[in-house]
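Working through the structure, step by step
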There are 2 protein chains.
Amino acid sequence: MVNTESISVRVFSLNCWGIRYLSKYCPERYAMIGEMLAKEEYDIVLLQEVWSEKDYLYLKKKLASCHPHSHYFKSGVIGSGLAIFSKHRIHDTFLYRYSLNGYPYMAHHGDWFGGKAVGMAVLNLGSLTVNVYVTHLHAEYCREKDSYLPHRIVQAWELQQFIRHTSAGADVVIVGGDLNMHPQDLGNRLLRAYTGLRDSYVETAKFDGCENGMTLIADNPFISKKELVPFEKGIRIDYILFKGSSETDIYCDSMSTTKGSVPDRSFPYSDHEALTAELRLGVHIPTETGSDRQSKKEDSATGKLAELVDIVTEARTEVKVGLHCAEMMRYTAARTGIMGLALLFLELVIAAVPYLALGAEQPFPRTSFYLLAALCFAILLVTSLLYIFYTMELKSLQGAEDQMRLAIGSLQEKLRGFPLAGLHNPPRRPPEGQQRSAFEPEE
Amino acid sequence: MVNTESISVRVFSLNCWGIRYLSKYCPERYAMIGEMLAKEEYDIVLLQEVWSEKDYLYLKKKLASCHPHSHYFKSGVIGSGLAIFSKHRIHDTFLYRYSLNGYPYMAHHGDWFGGKAVGMAVLNLGSLTVNVYVTHLHAEYCREKDSYLPHRIVQAWELQQFIRHTSAGADVVIVGGDLNMHPQDLGNRLLRAYTGLRDSYVETAKFDGCENGMTLIADNPFISKKELVPFEKGIRIDYILFKGSSETDIYCDSMSTTKGSVPDRSFPYSDHEALTAELRLGVHIPTETGSDRQSKKEDSATGKLAELVDIVTEARTEVKVGLHCAEMMRYTAARTGIMGLALLFLELVIAAVPYLALGAEQPFPRTSFYLLAALCFAILLVTSLLYIFYTMELKSLQGAEDQMRLAIGSLQEKLRGFPLAGLHNPPRRPPEGQQRSAFEPEE
């Protein structure tokens, strides 16, 4: 394992808070961001919440000479808001839209319309293949009663799946973005434990920035302090994560965040702080063969596996809570719809009375009749749409839960020391449906 | 390159046509399918259109002893309809939902509600990692005027992206499913050229089945012959595709399809024919190192690259046609919505006349007034929903087009002989936005 080459990569990540006409000083801030990026010439720039393509095109023009390569990931109604600028040619891109992302009727939260996703770009740095990911997860509006928690857990689950499955051919993985999760939150642990990604704030040799690496701070003039309660000083929810491979080592030489203000300016770049990490990649000349790689896989530490089983089990519990809520909501929608239908039927019966019993007076004033009928139809339409929506939500939650159950089964199998199912005598075990508890004592 | 081991894998794929209460003889056919699968004991069974989870659970129970491992992929309102049964433990699963899949208001076609997707399962056969994919693309209802073509092209694009990016760590890739594309259709060529997947029907040493490998045939009693026009005898739209890796060879020893009937039964398994492929995997002891792998990449045949550029360019043109249509539809929705609003406004003005000009008679009969108002509201609601839907469709089409443009740029770069952008002197080229024509003469 000899270092033959050492490459330094400077990575930048920022949630730009770029809602045109709503975010404060939006054009001015984009101008500031563009100037700073043009000056700093980072290798890789990962931006979130660039909601308007016009703003992306503005930055693209401004950064044309220092970042000739860029990509804007499109998704949902106004999203995904994700953009990447690079000094190095982007060879390939891929977008994964999270299957769950809030509710369309929660329009004031707006996440659903953003079409949250994870974008991937494949670059080459020297001879190394680098997979770069940029993402933005569903916001947390109320930590005590976080109704979006199951959605965010499923997003974290899908994020780790996407990164794990698409990065097998990469020498280096770099992930940047606004995860909307604190460092020890379940989704964050799930992501790190399953992918082996390391947190640049934790790993860095040198740090310059806000206390505890916070990226949403009370000192930022765009932040309302009461939103941060009970974390008066701020929270850390933006990250630059990284990992190498069996052929490449990676280190974080330095890491920094902005501190709520920009020198000589009256306001900062965004309501989030910007992150910068300087990573050093060391290339190895691999001496191992394919079978070594396999045996290495089998050697993966039992302790870590057990921890991973616990984390996935915890995530599964959270998804089950979400499933229960979604079932309740769907049931409520169905019941309301049936009540609307019954009301419509009742109205028609009452209205039919004068025709059936000749001489009886029309019991309804016409205005009320039509208003009530319109109301019934509106109820039917809205509840039908909600029923379809909740069914889709249920399917996604069930899908994630199934995958988690299967993953736990496979991880436990590994823990028990049966890493690979033999080809001609597959272990005759009960199907995954009859899974064992994650807390069953290990053999 | 020495064959140390030879593993035989039998793969089965069938579109089950499993719409409860609508598909003919649904329970009887599932019973037949279950019996046949239990008897044949294929290694891997890939099913599509298992729309009801109950039917999946029925098969799971029936196949518990021969296929102890299985997974049902959930997506959309009633989908995805994809299921996998395996003799070998499934270590991991992942689902990718296509960003486009028809229109919800085309309820009689139903594809939108199916939540079409591609499901992946990771298995181990001996020491080999096998990535198995099962998918079902949007149906083609009218070949002459196929309004779903751009959606299917985007699905084929996303399918190739998903397979390519998730299979880097796999020794063997097996894809089965109903692609709803003829062998030489654009999407099919795109998939095969980009991923290097090979068609078992074309590659097989021995074939037993319908003429030309057809999987939707006129002789099938569930098929209406006029649906097949102008292909009187039938079409080939179901496939088992495969590829090995630099460390593993794969061959198709034999391939077969059912022929529209099942011995001793009065009807076949489905309206599609079932496919079976017997694949042989040869494991190699790799002698190459990482840098060899890199140089191999660079050696990829120029001819194939040029062909790929042409195919992606053709796909991009098709997506642009779709973009144009989606823009038109969105414009129509917006215009209709504005007309609804204008009508409502006009009605309110007319109704206000008697209040403003005292003594004037109410010009509206009440009934008409309320009916018209309800109509206006309905128009506004429906056009708003359509506008949101078409915006999402546009974003997805634009996203795919952007990715294709970027891919063409990168492929052309390779063709020109600049395979890798140097680290410290990235080529100062115009940003991707100002891309060159794919037909520009190569240097």
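Note that the coordinates shown come from a computational prediction; the quantities given were computed from them, not determined experimentally.

Rules used throughout
- Residues numbered from 1 in each chain as written.
- Chains lettered and ligands numbered in written order.
- Predicted model: local features only at pLDDT ≥ 70, side-chain atom pairs only at ≥ 80, totals over all residues.
- Heavy atoms only, no water.
- Pairing = 2+ DSSP bridges.
- Helix = DSSP H or I, 4+ residues; strand = E, 2+ residues; numbered from the N terminus.
- Contact = heavy atoms within 4.5 Å.
- Axes fitted to C-alpha atoms, helices over the stretch in contact; angles between N-to-C directions.
- Buried < 20%, exposed > 50% of the residue type's maximum accessible area, 1.4 Å probe, protein only.
- Core = buried A, V, L, I, M, F, W, Y, C linked by side-chain atoms within 4.5 Å.
- pLDDT = per-residue confidence, 0-100.
- Patch = residues over 30% accessible without salt bridge, like charges linked within 9 Å, V, L, I, M, F, W, Y side chains within 5 Å.
- Areas by Shrake-Rupley, 256 points an atom, 1.4 Å probe, with all protein chains shown as cover.
- Salt bridge = Lys/Arg side-chain N within 4 Å of Asp/Glu carboxyl O.
- Phe/Tyr/Trp six-rings, centres within 6.5 Å; stacked < 30°, edge-to-face > 60°.
- Lys NZ or Arg CZ within 6 Å of the ring centre and 35° of its normal.
- Disulfide = S-S within 2.5 Å.
- Expected span 1.5 Å × (residues − 1).
- Parallel < 35°, antiparallel > 145°, perpendicular 65-115°, else oblique.
- Left-handed = near helix turned anticlockwise from the far one by under 90°.

Moving on: the sheet that holds strand β5 (residues 90-97) of chain B. All names here are of chain B. Read across the sheet, six strands follow the order β5-β6-β7-β8-β13-β9 without closing on themselves; strand pairing throughout is mixed. Of all the strands in the sheet, just β5 and β9 (198-199) have a single pairing partner and so form its edges. Sheet topology note: the β9/strand β13 (residues 238-243) ladder contains two bridges and is antiparallel. Looking across to β13, one finds that D199 is bridged to L241. Along the sheet face, helix α4 (residues 149-166) touches β5, β6 (117-125), β7 (128-136) and β8 (172-178) and points at about 170° away from the line of β7.

Moving on: the pairing of strand β13 (residues 238-243) of chain A. One face of the sheet, then the other: side chains in a regular strand alternate in exactly this way. Residue and element names in this part refer to chain A. Among the six residues that make up β13, six are buried, leaving the element largely enclosed by the rest of the structure. In this structure, strand β8 (residues 172-178) lies alongside β13, joined through six bridges in antiparallel fashion. Considered in β13, the bridge of V173 is made with K243.

A few words on the nonpolar core. Ranked by internal contacts, the top residues of the largest apolar core, which has 90 residues, are A:V312 and B:V312. The residues touching A:V312, leaving out its near neighbours within four places in the chain, are A:W157, A:L190, A:Y194, A:M404, A:I408 and A:L411.

Turning our attention to the confidence of the model for chain A. For chain A, mean pLDDT is 87; residues scoring 70 or higher make up 88% of the total. Considering only residues more than four positions removed or in separate chains, one finds that residues 418-443 of chain A, a stretch of pLDDT under 50, has 58 contacts.

To continue, consider the sheet that holds strand β7 (residues 128-136) of chain A. The pairing of strands in a sheet comes from backbone hydrogen bonds and takes either a parallel or an antiparallel form. All names here are of chain A. With mixed pairing, six strands are arranged side by side in an open sheet as β5-β6-β7-β8-β13-β9. Of all the strands in the sheet, the pair left with one neighbour each is β5 (90-97) and β9 (198-199). Bridging between β7 and β8 involves seven bridges; their strand directions are parallel. Bridging from a neighbouring strand, H136 pairs with D178 of β8.

Nonpolar side chains collect at one region of the surface, where A:L381, A:V382, A:L385, B:L381, B:V382 and B:L385 lie side by side and expose about 470 Å² of accessible area between them. For the nonpolar patch, the elements supplying multiple residues, two or more each, are α10 (366-415) of chain A together with α10 (366-416) of chain B. Among the secondary structure elements, B:L385 is positioned in helix α10.

The relation between two aromatic rings is expressed through the spacing of the ring centres and the mutual angle of the planes. Under the defined criterion, the tally for this structure stands at 44 aromatic pairs over all chains. Considering the side-chain rings of A:Y103 and A:Y105, the 5.5 Å spacing of their centres and the 25° angle between planes classify their relative orientation as stacked. With relative accessibility at 13%, the residue A:Y103 sits in the buried group. Relative accessible area serves as the criterion here: at 38%, A:Y105 is assigned to the partly exposed category. Residues B:Y96 and B:F162 carry aromatic rings whose centres are separated by 5.6 Å and whose planes lie at 35° to one another, so their mutual orientation is tilted. Taken as a pair, B:Y96 in strand β5 and B:F162 in helix α4 lie far apart in primary sequence, 66 residues in all. Like B:F162, B:Y96 is buried. Three or more aromatic residues joined by ring pairs make a cluster, and in this case those are A:F94, A:Y96, A:Y98, A:Y133, A:F162, B:F94, B:Y96, B:Y98, B:Y133 and B:F162. Over the face of the ring belonging to B:F222 we find B:R29, whose NZ or CZ atom lies 5.5 Å from the ring centre.

A word on the environment of B:A274. Residue and element names in this part refer to chain B. Mapped onto the elements, A274 comes out in the loop between β14 (248-257) and β15 (275-283). The class of A274 is buried, set by a relative accessible area of 3%. Taking the C-alpha atoms as reference points, A274 and G260, 14 residues apart in sequence, are found 9.2 Å from one another. When sequence neighbours within four positions are dropped, the list of residues in contact with A274 reads F12, S13, L14, S256, T257 and T258.

Next up on the list: the state of the cysteines. All names here are of chain A. Summed over all chains, the structure comprises zero disulfides over all chains. Of the cysteine sulfurs around C325, a residue in no disulfide, the closest is that of C142, at 14 Å. With a relative accessible area of 43%, C325 lands in the partly exposed category.

The next point concerns the environment of B:E327. All names here are of chain B. For E327, the position within the fold is in helix α9 (residues 302-356). Classification of E327 as partly exposed rests on a relative accessible area of 41%. Taking the C-alpha atoms as reference points, E327 and E140, separated by 187 residues in sequence, lie 22 Å from one another.

Here we take up helix α1 (residues 26-40) of chain B. The end-to-end C-alpha distance of α1(B), which contains 15 residues, comes to 21 Å, matching closely the 21 Å that a straight helix rising 1.5 Å per residue would cover. All of the buried residues in α1(B) are B:C26, B:R29, B:Y30, B:M32, B:I33, B:G34, B:M36 and B:L37.

All names here are of chain B. Packing of helix α5 (residues 186-195) against α9 brings their axes to within 10 Å, and their N-to-C directions diverge by 140°. Looking at the two axes, α5 sits oblique to α9. The hand of the α5/α9 crossing is left-handed. Residue-level inspection shows L186, R189, L190, A193 and Y194 of α5 in contact with α9, the latter providing L308, I311, V312, E314, A315 and E318.

Turning our attention to the side chain of A:Q160. Summarising the element assignment, A:Q160 is placed in helix α4 (residues 149-166). Filtering out sequence-adjacent residues up to four positions away, A:Q160 remains in contact with A:L191, A:Y194 and A:T195.

Attention shifts here to the pairing of β7(A). Residue and element names in this part refer to chain A. For β7, the tally of buried residues reaches nine of nine residues, placing the bulk of the element in the interior. Burial of β7 is two-sided: the residues L128, V130, V132, V134 and H136 facing one way and the residues T129, N131, Y133 and T135 facing the other way are all buried. Relative to β7, strand β6 (residues 117-125) runs antiparallel, the two being bridged by eight bridges. Across the sheet, L125 pairs through a bridge with L128, a residue of β7.

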